[in-house]
Amino acid sequence: MISVNINKHLDTAEGPLDAHFSLDIHEGEFLTLFGASGAGKTTLLRLIAGLEIPDSGRIEVEGEMWFDGARRINLPPQKRSVGFVFQDYALFPTMSVRQNLLFAAENAEQKNGVDELIELVELSQLSNRLPATLSGGQKQRVALARALVRRPKILLLDEPLSALDPAMRQKLQDELSLIHGRLGVTTLLVSHDIAETVKLSDRLAHVEAGVIKRLCSPMEFFSPQSLSGKLQLIGEVLKIEEDFPAVIVTLLVGSSVVRTVLSSAEASELRVGGHAIISTKAFNPILIPLP
Amino acid sequence: MEAEFLSTMALTFKLAAITTLVLLLIGIPLAAFLAYSKMRFKSIVETIVSMPLVLPPSVLGFYLLLAFSPASTLGSFLTEHGIRLAFSFEGLVIGSVLFSLPFMVHPIQSALSQVPASIFEAAYTLGKSKVETMVRVILPSIRHGLISGIVLAFAHTVGEFGVILMIGGNIPDETRVASIAIYDEVESLNYAMAHQYALTLFVVTFAILLLVYTLNKKSFGGIR
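Everything in this summary refers to the structure shown in the same document. (Residues numbered from 1 in each chain as written. Chains lettered and ligands numbered in written order. Predicted model: local features only at pLDDT ≥ 70, side-chain atom pairs only at ≥ 80, totals over all residues. Heavy atoms only, no water.)

So, on to the interface of chain A and chain B. At the interface, 21 residues of chain A touch 22 residues of chain B. When the two sides are added together, the surface that chain A and chain B hide from each other amounts to roughly 1,800 Å², 68% of it contributed by carbon and sulfur. Counting across the chain A and chain B interface gives one salt bridge. The salt bridge involving A:Arg46 is made with B:Glu121; its shortest N-O contact spans 2.7 Å. Counting the contacts that link chain A with chain B gives five residue pairs in polar contact (both at pLDDT 80 or more). The class makeup of the residues in the side of chain A that touches chain B is 15 nonpolar, two polar and four charged. (Contact = heavy atoms within 4.5 Å. Buried area = accessible area lost by both parts, 1.4 Å probe. Salt bridge = Lys/Arg side-chain N within 4 Å of Asp/Glu carboxyl O. Polar contact = N/O pair within 3.5 Å; in protein donor to acceptor, adjacent residues only side chain to side chain. Nonpolar A, V, L, I, M, F, W, Y, C, P; charged D, E, K, R; others polar.)

To continue, consider the pairing of strand β1 (residues 2–12) of chain A. All names here are of chain A. In this sheet, strand β2 (residues 15–25) lies alongside β1 in antiparallel orientation, the contact comprising eleven bridges. What sits directly across from Thr 12, in β2, is Gly 15. Joining the antiparallel neighbours β1 and β2 is a turn of two residues. (Pairing = 2+ DSSP bridges. Helix = DSSP H or I, 4+ residues; strand = E, 2+ residues; numbered from the N terminus.)

With that settled, consider unusual backbone geometry. Residue and element names in this part refer to chain A. A cis geometry characterises the amide bond from Phe 244 onward to Pro 245, with omega recorded as 10°. Even without glycine at this site, Arg 72 takes up a positive phi of about 55°. Within the secondary structure, Arg 72 sits in the loop between β5 (64–68) and β6 (73–74). Arg 72 sits in the exposed class, given a relative accessible area of 79%. (Buried < 20%, exposed > 50% of the residue type's maximum accessible area, 1.4 Å probe, protein only.)

Turning next to the environment of B:Phe13. Residue and element names in this part refer to chain B. Position of Phe 13 relative to the elements: it lies in helix α1 (residues 2–36). When its relative accessible area of 23% is taken as the criterion, Phe 13 is described as partly exposed. Taking the C-alpha atoms as reference, Phe 13 lies 8.6 Å from Val 177; in sequence the two are 164 residues apart. With residues up to four places along the chain from it excluded, the contact list for Phe 13 reads Phe 154, Val 158 and Val 204.

Bringing the environment of A:Val237 into the picture now. Residues and elements named next belong to chain A. Residue position: Val 237 is located in strand β12 (residues 231–243). Counting along the chain gives 85 residues from Val 237 to Pro 152, while the straight-line C-alpha distance between them is 39 Å. Not counting the four nearest positions on each side in its chain, Val 237 is found in contact with Val 249, Thr 250, Leu 251, Leu 270, Arg 271, Val 272, Gly 273, Gly 274 and Ala 276.

See below:
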């Protein structure tokens, strides 16, 4: 069990913000911090890793106190058992894939585990290559494997897939899910991608303006008024076109584009870039398998 | 004549080599301080480091000469302990280190400031201390900056004239380096000898720079 209860004053692009994070993470859980950029998601990861210092509060990980403002305890990042995957991968440029992982190993046992990790992320063929010669997806895998070398108590992933193209993103989501299942490491992911969140996480923490507003399952969060026998899809609004007297709304659902007609009143609360639930009533959906 | 030529050249490169080594040892921490510190007096340090770029060498040489003279506080303290810096090789090393400081510090500082913060942070979260991170991760990845600093500091020391003339004079095997020797030979209308020094300096510095640029082109993986 990891319990976080901290306060931190932040200076964000949208002005100062007094963040208060209170969160319990279960052992082996995959928890996603979901929310708009600037809400403080990345800051929370950095506070847990010890890369930033909270103003007050406590961070306790499996009975070990990592931070306690009242008792002036603050373990440096080196003493905290975390695996951090940075948005820009942060691979060491002069070390090969294998050397990047070996650098992280503290003892012979972890050194021996390096080859297994390289195999797990399917990089055996590339283990002697330098990071500069790898693609984005490959770099991401190295960063992930490197973060796992020390068998951390918590794996912190800061939007690790945001810089990748959709196909690579999906592949890595599957791999991440597989690796989490295999190793069972407690994982905290920062994301603002709905598909990613639903696919990977056990629970979702909705972060808004430095506060965790809701903690629930991703399905509960994204389809709140779930009714049985009703088809619901979540889409991103791409375009809203006035076509008097109606409004044509174009949405992105998964990787397909869907157009639908609404009345002006119905469309008034939608905005481009926002998300909406598409649901149909009374009909059974027809599923036709694709070749 | 030939023996004097060789000993002068040897002294020139010995001075440049020792100066470069000393500069490397103090230049890396100083560059790291300038690249990462958020202290208020940082710009003062930055200014002092850059001063030799704009200051006439004779100004630095003059003040060093005053400081080294037994009449000054520092000079008398040193003399009491049997150290003589004015008109000595040791004095030249100190003068050269100060005078070539920006040539070592600036390339390293600019290379360090291009290393993303996440590289440091990644090493810290992998349990590595600041020193280990610096030695094993950061310095290898800024080796282009290090090589530039080493080459520039070395070449600049070889080519130094004003400071050395002020604090070192022209003592064979002690302070008489090639640039001084050229001036001296020209003064005594001994053009053949001056030419021998000048051409040697020209060829050696050309060869060093060419080697460095060729090697630099062949290496991969650093942060440029």
